[in-house]
Amino acid sequence: MQQHEFVNQYLPHAKQTEAKTGISAIAILAQAALESGWGKAAPGNMFFGVKDTDGINGNEQLLTTTEYSRRADLKFPQVISVTPIVRNGIKMFRYKVKDYFRKYSSPEECFTDHARFFLKNKRYAEALEVKHNPYLFIDAIAKAGYATAPNYAGTLKAVAKAIENLL
């Protein structure tokens with residue numbers, strides 16, 4: 001799927017979510033694009049990489065992912081590899097693992113659940129204060145720990161800019 005096709009297909013879901021929650025459609029769509037590789041990797045209609053913490057109720061799927069941490073002793077359902085790396089002078093570990101992620105019956109269900117995730121988790125309270133500004137929202141969710149990738153905010157803002165250029 002080309003970037004413009006992704007935007008055309010999923011922007012309506014992002015706009016619906018923005019109408020329901022006030023969270024910027026650009027920020028929502030940017031996360032969906034980044035986390036799914038512009039729709040190339042969205043198994044079970046999972047566009048956002050939201051983990052399923054219990055792995056037992058049937059709405060989850062065990063998928064391979066990459067995580068980053070300063071700790072070398074993290075636990076996952078299955079660890080494939082742990083590689084020491086240095087990013088910006090900081091020693092870290094890159095994990096290739098299998099972990100449980102949510103799955104959905106439709107993209108719309110996924111987009112709605114993603115927004116609920118922010119609304120229900122107190123750690124995103126600061127992000128919700130700037131939910132209408134995609135770039136401030138992105139900075140705030142990254143600061144709150146949405147993803148473990150070292151430059152998540154910068155990468156996500158670049159995707160948001162690419163989406164704006166396609167509109």
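Going by the structure above, here's the rest.
K.L.:
Quick rundown of the overall build of the protein? Include the residues and the values.
P.N.:
Each helix and strand counted, the protein has 6 helices and 3 strands in total. Going from the N terminus to the C terminus, the protein shows its helices and strands as α-α-β-β-β-α-α-α-α. Taken over the C-alpha trace, the protein has a radius of gyration of 16 Å; the compact-globule value for 167 residues is 15 Å, and the two agree within 12%. Considering only C-alpha atoms, the protein reaches an extent of 40 × 40 × 35 Å along its principal axes. Looking at the protein residue by residue over its 167 residues, the buried ones come to 40%. For the protein, restricting intrachain contacts to residue pairs at least 6 apart in sequence, the fraction spanning at least 24 positions comes to 57%.

K.L.:
Describe the sheet that holds strand β3 (residues 90-102), with residues and values.
P.N.:
The 3 strands are arranged β1-β3-β2 in an open sheet whose pairing can be described as antiparallel. The open sheet terminates on both sides in strands that have one partner only, identified here as β1 (60-69) and β2 (78-87). Ignoring which end each strand starts from, the neighbouring axes of this sheet average 20° apart. The pairing of β2 with β3 spans 9 bridges and is classified as antiparallel. Residue pairing for β3: Ile85 is matched across the bridge by Met92.

K.L.:
A description of the side chain of Ser36 should follow, citing residues and the corresponding values.
P.N.:
With respect to the element layout, Ser36 can be found in helix α2 (residues 25-36). Here Ser36 falls in the buried class, since its relative accessible area comes to 1%. There is a polar contact of 2.6 Å between the side chain of Ser36 and the backbone oxygen of Ala32. When neighbours within four sequence positions are excluded, Ser36 is seen to be in contact with Phe6, Ala41, Ala42 and Phe47.

K.L.:
Go over the packing of α2 against helix α6 (residues 152-166) with me, naming the residues and quoting the values.
P.N.:
Relative orientation of the contacting elements α2 and α6 amounts to 110°, with a least axis distance of 8 Å. Comparing the axis directions of α2 and α6 gives the class roughly perpendicular. Between α2 and α6 lies a crossing whose hand is right-handed. Residues Ile26, Leu29, Ala30, Gln31, Ala33, Leu34 and Glu35 of α2 form the contact with α6, whose own contacting residues are Tyr152, Thr155, Leu156, Val159, Ala160, Ile163 and Glu164. Class assignment of the residues belonging to the contact of α2 with α6 gives a composition of 10 nonpolar, 2 polar and 2 charged.

K.L.:
Summarise helix α5 (residues 134-143); cite the residues concerned and give the values.
P.N.:
For α5, the complete set of buried residues consists of Pro134, Phe137, Ile138, Ala140 and Ile141. Summarising the axial view, the buried residues of α5 lie within an arc of 165°, below the 170-degree limit, and thus occupy one face. Those residues of α5 that are buried are in contact with α2, α3 (107-120), α4 (125-129) and α6. The opening residue of α5 is Asn133, an N-cap whose side-chain oxygen sits 2.9 Å from the backbone nitrogen of Tyr135. Gly145 sits one or two residues past α5 and shows a positive phi near 95°.

K.L.:
Summarise unusual backbone geometry; cite the residues concerned and give the values.
P.N.:
Phi is positive for Trp38, which is not a glycine, with a value near 55°. Inspection of the secondary structure puts Trp38 in the loop between α2 and β1. Looking at Trp38, the relative accessible area reads 13%, which means it is buried. A positive phi angle, near 55°, is found at Asn45, a position not held by glycine.

K.L.:
An account of the pairing of β3 is requested, with residue identities and associated values reported.
P.N.:
For a regular strand, the rule is simple: side chains alternate between the two faces of the sheet. Relative to β3, β1 is paired through 10 bridges, and the arrangement is antiparallel. Its bridge partner being in β3, Leu62 is matched across the sheet by Tyr100.

Rules of the game
- Residues numbered from 1 in each chain as written.
- Predicted model: local features only at pLDDT ≥ 70, side-chain atom pairs only at ≥ 80, totals over all residues.
- Heavy atoms only, no water.
- Helix = DSSP H or I, 4+ residues; strand = E, 2+ residues; numbered from the N terminus.
- Rg over C-alpha atoms; globule rule 2.2 N^0.38 Å.
- Buried < 20%, exposed > 50% of the residue type's maximum accessible area, 1.4 Å probe, protein only.
- Contact = heavy atoms within 4.5 Å.
- Pairing = 2+ DSSP bridges.
- Axes fitted to C-alpha atoms, helices over the stretch in contact; angles between N-to-C directions.
- Polar contact = N/O pair within 3.5 Å; in protein donor to acceptor, adjacent residues only side chain to side chain.
- Parallel < 35°, antiparallel > 145°, perpendicular 65-115°, else oblique.
- Left-handed = near helix turned anticlockwise from the far one by under 90°.
- Nonpolar A, V, L, I, M, F, W, Y, C, P; charged D, E, K, R; others polar.
- Arc of directions from axis to C-beta.

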